[in-house]
Each structure stands twice: as structure tokens, then as C-alpha cells.
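Residues per chain, in single letters:
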Amino acid sequence: MAALGAVGIGAGDLYFLADRSLSLPWAVAFDACERAFGATTVDPVPPGFTDCLAEPTRQRALVLLVAVAVVLGCAAVLLVAVPAVDLWRLRRHRRFTVGAAAQRFAVLCAAEGLTGRDRPRLLIAGPPVRQAFTVGVVGRRPIVVLPVGLALAHRDPRRFDPVVRHELAHVRARDVVWVAAVRALVWLPLPAVAVGGLLEVGVFGPNRTVAGAFLRAGLLATLVAVLSAALLRARERAADRQAARDDQAGALTALLRTDGGRARADGGGRVRGGPARAALRTVFARHPTPEQRIRSLREPSDRRGGEFTQGVAVGAVTVVSMAAVHELVANAHYPALGWLPRLVDVWVAAVLLVGGLFPSLLRRATTAHRSATAPGWWRPVAGTGLGLFGATLVVAMLPLPGSAGLFLAEGAVAGLVFAAVTGVLGAGAVALCVLVASALADLTRPRTGSWRYAGHATALAVTVAVFWPVPGLPPLWSDPELVRIWLAYDLPDTGWLLLALGLPVLLGVRFLVTVRRADRHHAGSLARRMVDSTRVRVVAVAVLVGAGGAVGQLRFAPPGTLDEAVGDAQARGLLTGLVGVVVLVITAAGSDPGPTSDPGAASPSDPGAGHSPAPGSRGGVADRLGGALLAAVAATLGSALVQYLDAVLAGRSADGSALRLTVGNPLVWLLYLAALVVPVLLLPRAVPRRWVLPTRLVLPTVASIVLTVTVLVLGPGVPGVRVPVPTAGTSSASRAAPDAPTPSARVVPDPTSAAAPTSAVSPLPAAGRRLTIAEARVAVDAVRSALPTSWESRPVTAAGNDRIEPTECVPLARDSYLDRLRPRERARAAARYATPRGRLGIASTTVEVGVTSYVGPVGGGVFAAAETARAACRRFVSGGVRFTVGGRPAPALGEQSWRVDYALTVGSGRSRITGVTAFVLVRVGHNLVAVSMVVTAQPLDERLLTAVVTTVVGALGPP
């Protein structure tokens with residue numbers, strides 16, 4: 001669903017931008033709002049800008065929603081049509097009736113609980129059907145198809161029963177819908193983009209935008225196919241294990257060995273071809289090979305499952321969906337641009353990551369606990385990080401319609417940084433979800449609804465908290481100081497990070513449940529066993545040393561200024577978080593006889609630092625990390641509370657802000673440091689056995705490490721940690737999150753941005769004198785005072801030499817009526833100014849001013865020739881632009897003035913772009929003033945044109 005939604009948004013945005021009747025008004029409004037509110041590359045979203053664009057962007061969001069609805073509707077049609085076609089093709093084969101086989105089939109259905117409307121129908125097909133499979137239309141009972149040879153073997157339960165049980169497992173899991181959905185997901189992306197890009201190709205021809213959209217759609221379809229194939233292979237293995245109940249594993253294994261792909265208990269044949277082809281077929285295969293299925297039956301934990309491929313696909317689909325949803329939400333409610341898209345982005349990413357990976361993580365953890373094996377967890381973690389990294393790099397460096405708003409900064413460096421941050425945090429979030437799955441599998445009844453809901457909610461909360469910085473960094477990338485301010489002040493204040501506390505709560509519940517179990521088998525009080533636990537001693541030593549150093553700094557080296565006090569508090573927050581990380585690493589390195597276990601046995605609930613568990617111990621590294629993370633939270637929280645209690649006893653500030661700064665900030669540090677460390681600790685042999693400390697050296701090592709960290713952090717300090725208090729106007733919220741913009745229902749030009757027209761004109765004898773080149777330049781430069789301050793100077797270029805049709809219009813278009821004055825030219829100066837280049841650059845205004853001084857006075861014959869040229873031409877075409885000649889009254893300035901207007905048109909139909917050009921001539925004695933104003937995709941500002949002409953004419957007089 002997420003992938004199809006992303007495809008629909010991309011196709012809809014491509015259509016919106018290609019349809020100029022839709023995109024041109026939006027682009028014009030965008031440019032106008034940028035100029036009206038002073039948007040720049042440093043501050044692209046000034047106050048008022050978002051309200052200005054609220055209505056134009058809402059129409060764009062409507063187009064995107066319609067496109068999503070169309071794509072999802074087509075997917076629903078395919079979901080019904082594809083199985084219907086399969087059934088139609090199946091009915092063309094010869095069918096048989098084997099009564100005894102049908103009776104045995106009914107018995108097996110009843111044994112699986114499939115009765116009434118839930119019971120599938122049986123169809124026995126003749127050649128060429130040689131494999132058993134299940135097919136069905138959504139909303140109707142599925143059909144189990146058996147080859148006639150298998151049906152005739154109904155008296156052999158070792159051949160007939162495992163195959164039928166396998167297919168019934170698919171029916172119970174509703175895997176038939178999955179198969180049809182996979183086809184829709186793979187077939188739809190490219191046709192959807194093709195439909196969306198038809199208008200773009202038809203008007204502008206093949207271009208980079210359409211090619212990029214096709215590339216993205218093809219990549220998305222490939223990723224979805226890989227993910228779906230991995231999930232279907234997992235369902236095949238699950239169906240095998242379901243069919244292997246009641247001592248049927250040997251029979252199914254024998255069938256897989258002898259029949260291979262022909263007797264299908266949904267088996268796949270051996271891959272033929274070269275290594276590359278074999279690898280591709282393995283990745284996209286919907287069924288495991290017989291060898292893989294046999295290994296899955298022998299090894300229930302299935303360590304070599306497809307979690308790496310699944311993680312890559314889930315990570316990539318997550319980023320593409322985030323970018324698409326960001327585009328939709330930002331356009332649907334543009335005034336909330338500063339906070340709503342970011343919130344939705346994070347939750348979409350969390351839902352996709354947890355929904356795509358957590359069920360398989362929980363299934364593996366549950367299988368590992370039941371079989372007393374230790375699964376490897378690095379594959380889903382590394383695969384997800386790689387998928388997030390690659391997709392973010394592509395989206396950031398190749399912005400395309402439907403996904404260009406999430407990562408605003410351009411360039412390879414920005415793309416690599418965003419990709420690295422997204423990949424690392426995503427891998428950390430999945431690693432923490434592994435701990436959630438392991439804890440949930442270790443509880444009493446992990447399959448009951450309440451526990452499963454609690455586990456999914458905890459995984460979702462942790463992922464939201466860890467992933468929160470991903471959409472928050474790109475808007476601030478242009479200013480590194482804003483990034484530091486946001487990380488130091490805004491990020492810890494985010495209330496959503498409190499959701500991460502659900503993980504230690506779940507780990508604590510698991511610890512209590514484990515303690516309760518152990519109390520039934522162990523003598524002695526819990527308090528005694530807690531005191532004897534190495535982990536508890538490690539936490540106590542870490543709190544004592546870390547909190548002692550922080551309190552000592554406040555007691556013996558108090559700050560002298562506010563900035564020093566804030567910097568010291570930030571350093572103490574980092575120190576307190578690092579105390580927890582030290583405890584996490586040390587206690588995760590091995591296990592000790594904790595409070596819930598015998599002195600000679602390792603405990604999954606209280607791994608400390610003594611010796612490594614046996615390779616087959618229950619839960620493995622995830623269990624040790626769960627207990628280690630709980631100890632790390634206890635160390636950080638204990639150290640922070642000691643510092644807060646010291647502040648209360650010393651009479652310092654002890655309000656809510658002090659509590660947040662002293663307790664909340666260290667927990668935030670611990671959250672993100674743990675997200676960096678836990679994936680590394682999940683790697684195989686992350687801590688070599690020779691590095692595991694003997695129990696007698698654990699406490700001295702912890703004390704020395706924490707003491708060293710304390711001296712380094714509170715002494716020289718860590719570069720970049722101490723961030724001064726931001727002054728007014730420098731908060732990151734003002735740039736990245738305009739939560740309260742200035743209300744503005746329409747674009748209102750700033751009346752103070754342009755100088756008022758100059759009303760007085762110098763006396764003609766002085767103004768009409770011959771000018772030098774320097775004086776002409778001064779007169780031209782005077783126009784700057786009449787223009788808005790945001791306008792930019794542009795180089796003056798020579799007129800083009802495009803062909804003009806009809807030829808009668810050449811004198812007007814080339815200004816040939818001025819040729820008679822060129823031999824008497826004495827001085828000339830020109831200047832050109834234009835509105836700032838916006839992010840879209842559709843709407844623009846350009847003013848070009850020229851002042852020419854001649855040896856003799858300029859005669860009126862020039863204006864008569866100009867009027868004759870205008871009367872001879874009504875419309876002409878030059879360089880693909882259509883000009884319609886018109887005229888308005890010229891301003892009453894100088895000795896004589898003249899004006900001609902042109903209505904400009906480019907393109908036709910929906911892709912038509914219009915503009916206006918006004919050309920004014922004013923003669924003043926020996927001088928001729930020429931002013932040209934070209935306006936594209938917006939009305940001509942007569943007030944500004946009059947101000948420009950008046951200012952230049954007024955500047956011809958003596959200083």
C-alpha cells in the first residue's frame with residue numbers, strides 16, 4: 001500500500017507539473033510569495049510565506065490525492081482480475097473426480113479447523129498441471145488444485161497429507177491474496193508513471209524529469225518485488241513447518257528430495273544458468289529451493305533467512321514513501337509546513353519499518369526461545385540501514401516530482417550526510433526493535449493479544465523517537481549553527497522522544513517476570529541475589545563515579561556566566577549519557593550469575609560481565625543486550641537523579657526546566673548513543689571472547705573508564721557539545737518551523753520597498769544638455785532607487801537575431817527607426833535589473849534602461865517613424881514567441897514621449913505562458929531615454945514603470 005501510494009503521488013505530481021493550466025498559476029503564486037515576503041536560500045520559509053501559498057498548494061494536493069486513488073483503484077482491479085484469469089485458464093484443463101481423495105481432503109480440512117465457508121474447494125486437474133497450488137478470488141473461497149497423480153496417492157499419508165497440509169496452511173494464512181497483491185505491486189508502477197508523464201512527453205518531449213521518474217518507478221517496483229518475494233518465501237517455510245506437524249517432517253523432507261519441483265508441496269526447482277542469473281532468480285524467487293526448505297525443517301530458527309534482503313527492501317520503500325507523503329501533506333496544509341510534514345514523515349517511517357520487519361523479528365525471537373538457539377540479528381539491521389542509506393542518497397541527489405520536498409539541500413555532500421544519518425538511525429531503530437522482540441518472546445504468553453499489542457506499540461514508539469531527527473535536519477543544513485542549536489535545545493524539548501521510555505519499561509516488566517519465575521527455583525532473598533549480581537555493582541560504581549564528578553564540578557568550579565552555566569550543564573548531560581553507554585558495553589560483553597539464576601548458570605535476564613554464554617543459550621546476544629540496556633538506563637537515570645537531588649539540597653534551581661535539563665537531556669543522549677552502539681553489539685563476535693573481563697576486574701575497569709570519561713568531558717570538553725544560548729532571531733524554529741506565520745490572505749507588495757516617483761523634472765535647457773559617458777552612467781544608475789531593494793543587477797546583452805515574421809514588423813521589432821540617430825551618438829549607458837531568481841523561476845520582471853546622448857538635439861521625426869512602424873505591424877513571431885502589438889498612453893515627460901506594448905505568448909493550450917512588454921521612449925534635448933519592462937506570467941506594474949521612467953528623466957539634470 002505504501003509503495004503504491006508513493007507511485008500515485010509521483011505520477012500525480014508529474015502530471016500536475018506537465019499540465020501548465022494547473023502548474024503555471026501555482027508557480028506564479030510561488031514566485032510572487034517569495035518576492036513579497038523576502039524568501040532567500042538562507043531563509044526559504046519566512047513568516048507569512050506559508051499562508052500566502054495555502055490555496056495554490058491545496059489544489060496540487062488534490063491532484064496528488066486523485067492520482068493515489070486511481071493507482072489504488074487499479075491495484076484493487078488487478079487484485080480481483082488476476083486470480084479470475086488464473087481460474088479461467090485453470091478451467092480449460094481437464095478435471096477429474098477422485099472420491100476417496102476428496103474425503104481425505106475434507107478430513108484434513110476439519111483437522112485444520114477449516115469448516116463451513118472457511119473450507120477451501122478441491123480441484124483435481126490433469127496434465128499439464130504437475131504441482132499442487134492454491135488459487136482464489138478475493139472474497140470467495142480459495143481452490144486447492146492437486147495434480148491427478150497426487151490425488152490417486154491419497155492412500156499414502158506420507159505423500160498425500162504433507163502436501164495438502166502445506167496448501168491448507170496457505171489458506172489459513174490467506175497467502176492467496178498476497179500472491180495477487182504482489183503482481184499488482186510489480187505491474188503498476190511503470191504504467192502509472194507512463195500515464196502521468198504522457199502530457200510531459202507530448203509537450204516537451206523525452207527529458208530528464210520523465211526519465212528519472214521512470215527510473216524511480218522501476219527501482220520501486222524492483223524493491224517491492226524483492227520484498228514480496230522474501231515474504232512469500234518466508235510463508236512457504238512457515239507452511240512447511242505447519243505441514244510437518246504430527247511427525248510429518250520426515251515425509252515432507254523425503255518428498256522434497258525425490259519430487260523436487262514436480263510434487264509441489266510448493267517447491268522450487270534448482271536454479272540453472274550462470275552465477276548472475278542464479279543470484280537474480282534467488283532474490284526474486286517466490287519459493288525457496290528444496291534444499292532451503294529442508295534446512296528450514298531441520299533448523300527452525302532459520303538463521304540464514306532472507307532478512308537482509310527484506311531489510312534492504314523495507315528501508316528503501318520507507319524512504320520513498322516518506323518523501324511522497326511529505327509532498328502530499330506539505331501541499332495539503334501548507335501553513336503547517338514547519339511541523340505537520342515532519343510529524344507525519346516520522347510516523348510513516350515508523351509504521352513501515354515496524355510493520356515490515358517487527359513481525360519477522362518477533363517470529364524469529366519466539367522460535368529461538370522455544371528451540372533454545374541463538375539467532376543472528378545483524379542481517380535485518382544491516383539490510384535496513386543499507387536500504388535507507390541508498391534510497392536517501394538517490395532521493396536527495398535526484399529530486400523528482402512527488403519526492404523533492406523532504407531533502408531540500410542540494411549537492412553530493414548534503415546527500416551523503418542525509419543518507420548516513422538516515423541509515424545509521426534506521427539501523428539503530430531496528431536494533432532496538434530486536435531487543436523489544438526478544439523481550440516479548442521471553443514473556444509468559446507472547447502470542448496473546450495484550451502482549452503483542454504492547455510489543456508493537458513499544459517498537460513503534462522507539463522507532464519514532466530514534467527517527468525524529470531525520471526530517472528535522474534538512475531544513476537547517478544551510479546554517480551549521482542552526483543545526484547545533486536545534487540539536488542542543490529543540491531536539492531534547494521534543495515530547496515525542498518520551499515514547500522511547502516504553503523500551504526500558506518493557507525490559508523492566510520482563511525482568512520482573514523473570515525474577516518471579518526464578519523465585520520458584522532458587523533459595524535466598526531477592527535482595528541478597530541483587531547485591532551479589534555483578535551488573536548491580538557495575539551500575540552502582542558507574543553512578544558513584546559519574547555523579548560524583550558532575551557534582552564536584554558544581555561544588556568546586558561553579559560557572560561565572562549564563563553561557564558557562566549552560567555549557568557546563570550540556571557537558572554534564574553528555575557525561576551522564578556516556579555513563580550509561582559504558583555500562584551498556586561492559587555488561588553486554590558477557591554474563592554473570594545474576595539475581596535470577598544459579599551461581600553456576602548464565603541468565604538471559606541479567607547478563608553482566610563474567611563469562612560468555614554458551615552458543616546455544618536461550619535468546620543469545622539480544623537477551624544480554626536487553627538486560628544491559630536496562631542497566632544502562634538505570635545508571636544514567638541514577639546519576640541524573642543524584643545531580644538533581646544535589647541541586648535541590650544546595651538551593652539551586654529545581655523547577656521543571658532544571659529537571660528536564662538534568663534528567664531529560666541525559667536520557668536523550670543515551671537514546672541516540674544506544675542507537676549507535678546496539679547495532680554494533682548485535683554483530684557476530686562483536687566482543688571477542690578474549691576481551692571478556694574476569695569478574696574480579698569488572699568493577700575496577702568500569703570505575704577507571706567512567707573516571708577517564710568524566711575528566712575528559714568536564715575538563716577539556718568534547719568539541720561542539722557546548723552550544724551558547726541562542727539570541728533572539730537565531731532559533732532554529734524561526735527558519736525551519738514557522739509555526740505562527742503572519743496571516744496573509746493575498747500577496748501585498750511592500751509600499752516602502754520602491755522609491756516614490758520623482759515628480760519634479762529639471763528645466764529642459766539643463767536636462768537636455770549633451771552628456772558625457774560618466775554622466776550617462778550616473779543617470780542610468782539612478783533607476784536603482786526606484787526599484788525594490790530585492791532586485792538584482794543583470795548583464796546587458798545584445799538583442800537576438802531571430803527571424804521575424806512577417807517582414808513588415810522588422811522595423812518595429814528591431815527598433816530600426818532609431819538607426820538614423822546612430823551616426824550622431826556621443827555617449828551611451830545601459831543597465832538591466834530583474835526580480836530575484838526564485839526556486840521555480842516562472843514569474844519574473846526585467847527592466848532595461850538606456851540613456852543615449854547625441855551631438856545635436858533629438859528631433860520629433862524619430863517618434864513619427866516609430867509610430868509609423870507600430871501602425872504597420874499588428875502581430876509577429878520571433879524565436880517561437882508570438883507578439884501582439886498594442887499601446888497605452890506614454891507618460892507626460894520630457895519634450896516628447898512614446899510607448900508601445902506587446903502581449904507575449906509561448907506555447908499553446910495547457911502549456912501556454914503569457915507575458916507583457918512595455919517600451920517607452922522619452923526625448924529631452926540632446927538625450928534619448930529608452931525603458932523596456934518585460935513581465936512574464938504576471939500583470940504589468942504600471943506604477944513601477946512610471947517610477948522608473950520618471951526617475952531616469954529626472955536624473956538627466958545637473959547635480
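Residues numbered from 1 in each chain as written. Predicted model: local features only at pLDDT ≥ 70, side-chain atom pairs only at ≥ 80, totals over all residues. Heavy atoms only, no water.

The chain is annotated in an unreviewed UniProt entry as M48 family metalloprotease of Micromonospora antibiotica. Its UniProt record gives the chain the following Cofactor (unreviewed entry) comment, quoted word for word: "Zn(2+)". (UniProt positions renumbered as here; feature names shortened; annotations may be inferred.)

A. Structural view of the state of the cysteines. Scanning all chains against the criterion turns up two disulfides. The disulfide partner of Cys33 is Cys52, and the gap between their sulfur atoms is 1.8 Å. Taking the sign of the torsion about the S-S bond as the criterion, the disulfide between Cys33 and Cys52, at about -75°, is left-handed. Of this pair, Cys33 sits in helix H2 (residues 20-37) while Cys52 sits in helix H3 (residues 49-52), and the two are 19 residues apart along the sequence. When its relative accessible area of 9% is taken as the criterion, Cys52 is described as buried. A disulfide bridge connects Cys809 with Cys873, and the sulfur atoms are separated by 1.9 Å. Its S-S torsion of about 95° marks the bond between Cys809 and Cys873 as right-handed, since a negative value means left-handed. (Disulfide = S-S within 2.5 Å. Helix = DSSP H or I, 4+ residues; strand = E, 2+ residues; numbered from the N terminus. Buried < 20%, exposed > 50% of the residue type's maximum accessible area, 1.4 Å probe, protein only.)

B. Structural view of the packing of aromatic side chains. Per the stated rule, a full pass over the model turns up 10 aromatic pairs. Residues Phe883 and Tyr902 carry aromatic rings whose centres are separated by 6.1 Å and whose planes lie at 90° to one another, so their mutual orientation is edge-to-face. Pair noted here: Phe883 is in strand S10 (residues 881-886) and Tyr902 is in strand S11 (residues 896-906), with a separation of 19 residues, a long-range link. Given a relative accessible area of 18%, Phe883 falls into the buried group. Linked through ring pairs, Phe16, Trp26, Phe30, Phe49 and Tyr334 together constitute an aromatic cluster. (Phe/Tyr/Trp six-rings, centres within 6.5 Å; stacked < 30°, edge-to-face > 60°.)

C. Expanded view of the side chain of Thr366. Tracing the sequence through the fold places Thr366 in helix H15 (residues 340-371). A polar contact is formed between the side chain of Thr366 and the backbone oxygen of Leu362, at a distance of 2.8 Å. (Polar contact = N/O pair within 3.5 Å; in protein donor to acceptor, adjacent residues only side chain to side chain.)

D. Region of the structure containing the layout of surface pockets. Taken as a whole, the second largest pocket holds about 1,500 Å³ of empty space. Residue lining of the second largest pocket: 46 residues in total, with Ala799, Ala813, Asp815, Glu848 and Ser932 positioned closest to the centre. When residues in the lining of the second largest pocket are grouped by element, the largest group, eight residues, is from strand S8 (residues 844-854). The class makeup of the residues in the lining of the second largest pocket is 24 nonpolar, 14 polar and eight charged. (1 Å grid on protein atoms, 1.4 Å probe; cavity = no way out; pocket = protein on both sides within 12 Å on 5 of 7 lines; lining within 4 Å. Points joined across faces, edges and corners; volume = space filled by probe spheres on them. Nonpolar A, V, L, I, M, F, W, Y, C, P; charged D, E, K, R; others polar.)

E. Examining unusual backbone geometry more closely. Glu805 connects to Pro806 through a cis peptide bond whose omega is 0°. As for its placement among the helices and strands, Pro806 is situated in the loop between strand S6 (804-805) and helix H30 (810-813). Within the chain, Asp815 stands out as a residue other than glycine whose phi angle is a positive 55°. Inspection of the secondary structure puts Asp815 in the loop between H30 and strand S7 (825-834).

F. Expanded view of the sheet that holds strand S3 (residues 133-135). Taken together, the four strands give an open sheet; going across it, the order is S1-S2-S4-S3, and neighbouring strands pair in mixed fashion. Since the sheet does not close on itself, it has two edges, and those belong to strand S1 (95-96) and S3, each with one partner. Relative to strand S2 (residues 121-125), S1 runs antiparallel, the two sharing two bridges. Its bridge partner lying in S2, Phe96 is registered against Ile124. Docked against the sheet, helix H4 (residues 54-90) engages S2, S3 and strand S4 (143-147), running at close to 120° with respect to S3. Helix-sheet contacts for helix H7 (residues 157-172) involve S3 and S4, and the interaxial angle to S4 is about 155°. (Pairing = 2+ DSSP bridges. Contact = heavy atoms within 4.5 Å. Axes fitted to C-alpha atoms, helices over the stretch in contact; angles between N-to-C directions.)

G. Molecular detail of the side chain of Thr458. Along the chain, Thr458 falls in helix H18 (residues 449-467). If sequence neighbours within four positions are ignored, Thr458 has contacts with Val436, Gly502, Leu503 and Leu506.

H. The pattern of salt bridges, seen in detail. By the definition in use, this model includes 19 salt bridges. Of the charged contacts in the structure, one is a salt bridge between Arg803 and Glu805, with a shortest N-O distance of 2.7 Å. Take Arg803: its relative accessible area is 68%, and that puts it in the exposed class. With relative accessibility at 34%, the residue Glu805 sits in the partly exposed group. Ionic pairing is found between Glu895 and Arg923, a salt bridge with its closest N-O pair at 2.9 Å. Residue Glu895 is located in the loop between S10 and S11, and its partner Arg923 is located in strand S12 (residues 913-924); the two are separated by 28 residues in the primary sequence. Residue classification places Arg923 among the buried positions, given a relative accessible area of 14%. Through salt bridges with shared partners, one network takes in Arg888, Arg899, Asp901 and Glu942. (Salt bridge = Lys/Arg side-chain N within 4 Å of Asp/Glu carboxyl O.)

I. Spatial organisation of a nonpolar patch on the surface. Among the surface-exposed residues, Leu62, Val66 and Val70 lie close enough to one another that they form a single nonpolar patch of about 270 Å² accessible area. Tracing the backbone shows Val66 in helix H4. When its relative accessible area of 46% is taken as the criterion, Val66 is described as partly exposed. (Patch = residues over 30% accessible without salt bridge, like charges linked within 9 Å, V, L, I, M, F, W, Y side chains within 5 Å. Areas by Shrake-Rupley, 256 points an atom, 1.4 Å probe, with all protein chains shown as cover.)

J. Inspection of the nonpolar core at higher detail. In this structure, Phe358, Leu432, Leu584, Leu625, Val678 and Leu682 are the most contacted members of the largest nonpolar core, which totals 106 residues. Broken down by element, the residue count for this core peaks at 16 residues, all from helix H17 (residues 412-442). With residues up to four places along the chain from it excluded, the contact list for Val678 reads Ala431, Leu432, Leu435, Leu584 and Leu625. Of all hydrophobic cores here, the second largest spans 32 residues; its members include Val847, Val922, Met933 and Val952. (Core = buried A, V, L, I, M, F, W, Y, C linked by side-chain atoms within 4.5 Å.)

K. Molecular detail of the pairing of S12. Of all 12 residues that make up S12, nine are buried, and the element is covered over most of its length. Where S12 lies against strand S13 (residues 927-936), 10 bridges are found, and the strand directions are antiparallel. Each bridged residue has a counterpart across the sheet, and for Thr917 the counterpart in S13 is Val934. Count of turn residues in the S12/S13 antiparallel hairpin: two residues, of which Gly925 carries a positive phi of about 60°.

L. Representation of empty space enclosed by the protein in the model. According to the stated counting rule, one finds four cavities of 30 Å³ or more in the structure shown. The volume enclosed by the largest cavity comes to roughly 90 Å³. What lines the largest cavity is a set of 12 residues, among which Ala6, Val7, Gly10, Arg216 and Leu220 lie closest to the centre. Of all the elements in the fold, those that place two or more residues in the lining of the largest cavity are helix H1 (2-18), helix H10 (208-243) and helix H14 (307-332). The element contributing the most residues to the lining of the largest cavity is H10, with four residues. Partitioning the lining of the largest cavity into residue classes produces eight nonpolar, three polar and one charged.

M. Up close: the pairing of S4. Burial of S4 is extensive: five of the five residues sit out of reach of the surface. Burial along S4 is two-sided: the residues Ile143, Val145 and Pro147 and Val144 and Leu146 are all buried. In this structure, S2 lies alongside S4, joined through five bridges in parallel fashion. Looking at the pairing, Arg121 lines up with Ile143 of S4. As judged from the three bridges shared by S3 and S4, these two strands associate in the antiparallel manner. Note that in S4 the partner of Phe133 across the bridge is Val145.

N. Structural view of the sheet that holds S13. The strand order S5-S7-S8-S13-S12-S11-S10-S9-S6 describes an open sheet built from nine strands, whose pairing is antiparallel. Whereas interior strands pair on both sides, the edge strands pair on one side only; in this sheet they are strand S5 (792-794) and S6. Bridging between S8 and S13 involves 10 bridges; their strand directions are antiparallel. Each residue of the ladder has a partner; that of Ser844, found in S13, is Thr936.

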